[in-house]
Amino acid sequence: NVVSLIKQMYRYALKTDKVEKDYAQFISININYVATKKEPFADSELKLLWNNKDDDIAEMILIMCYSGFRISAYKTLEVNLKEGYFFGGVKTDAGKERYVPMHSAIMDLVRKRIKRHGCLLPTTPAIFRADMYAYLDSKRMAKHSPHSCRHTFSALCEHYKVRAADRVRMLGHAFKDITNKVYGHRTIEELRSEIEKIRIWC
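Not measured: the values here are computed from a predicted model.

Regarding the overall build of the protein
Part 1 of the argument: In terms of helices and strands, the protein carries 9 helices and 3 strands.
Part 2 of the argument: Ordered by position from N to C terminus, the α and β elements of the protein give α-α-α-β-β-β-α-α-α-α-α-α.
Part 3 of the argument: Considering the protein as a whole, with its 202 residues, one finds that 38% of them fall into the buried category.
Part 4 of the argument: When the accessible surface of the protein is totalled, it reaches about 12,000 Å², and 53% of it is carbon and sulfur.

Topic: the packing of helix 2 (residues 43-51) against helix 3 (residues 56-65)
Part 1 of the argument: The N-to-C vectors of helix 2 and helix 3 enclose an angle of 130°; their axes lie 9 Å apart at closest approach. If you check the angle between helix 2 and helix 3, you find them oblique. Crossing of helix 2 against helix 3: the hand is left-handed. Residues Leu46, Leu49 and Trp50 of helix 2 pack against Ala58, Ile61, Leu62 and Cys65 of helix 3.
Part 2 of the argument: For the contact of helix 2 with helix 3, a count of residues per class yields 7 nonpolar, no polar and no charged.

Some words on unusual backbone geometry
Part 1 of the argument: Of note, Arg140 is a non-glycine position whose phi angle comes to about 60°, a positive value.
Part 2 of the argument: Along the chain, Arg140 falls in the loop between helix 5 (125-138) and helix 6 (146-159).
Part 3 of the argument: Under the relative-accessibility criterion, Arg140 is labelled exposed at 82%.

Here is what the cut-offs are and how they apply
- Residues numbered from 1 in each chain as written.
- Predicted model: local features only at pLDDT ≥ 70, side-chain atom pairs only at ≥ 80, totals over all residues.
- Heavy atoms only, no water.
- Helix = DSSP H or I, 4+ residues; strand = E, 2+ residues; numbered from the N terminus.
- Buried < 20%, exposed > 50% of the residue type's maximum accessible area, 1.4 Å probe, protein only.
- Areas by Shrake-Rupley, 256 points an atom, 1.4 Å probe, with all protein chains shown as cover.
- Axes fitted to C-alpha atoms, helices over the stretch in contact; angles between N-to-C directions.
- Parallel < 35°, antiparallel > 145°, perpendicular 65-115°, else oblique.
- Left-handed = near helix turned anticlockwise from the far one by under 90°.
- Contact = heavy atoms within 4.5 Å.
- Nonpolar A, V, L, I, M, F, W, Y, C, P; charged D, E, K, R; others polar.

These results come straight from atomic positions and should not be treated as a statement about function.
In structure tokens:
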């Protein structure tokens, strides 16, 4: 685990005179800590979110689940309501400056959110994360992290047979095969036809 790894690092650092004191001995773990789930939201959880889509936090979770960006990206994303797409991204070259069409199911949510807040994420990612945990807890749902929304988008794409290469494009992952990396070009409308394969049941 993490603690044993840190202790090993300090033992090595002491041996090689990198540090003068073993600070690893002061590490303690809160046994009441509950890890966040990395897996996607379950269908029953998504249904509950859709049934509560008028709630500010549920609204943002749904937008993230059906667009697939990292939480920090929502601070700077270009939102084109007229043409129905997001543009932007963070972290890697493949993740930046990418287009993701808005799924028709979240179009109204995005429009309302922009009208209400002037942007998608009016708080910091850290504050939203805390609000999200509190909201999920109030609904007796598992403690999913914002990154679970990205996992959910990927899982929905896979379940509804979105083309694998387009799933990679919309998630902003790097292509491993040279053909898609160099010669793969898709229009927003082509991507839209893929993302609209994802069905919403409520």
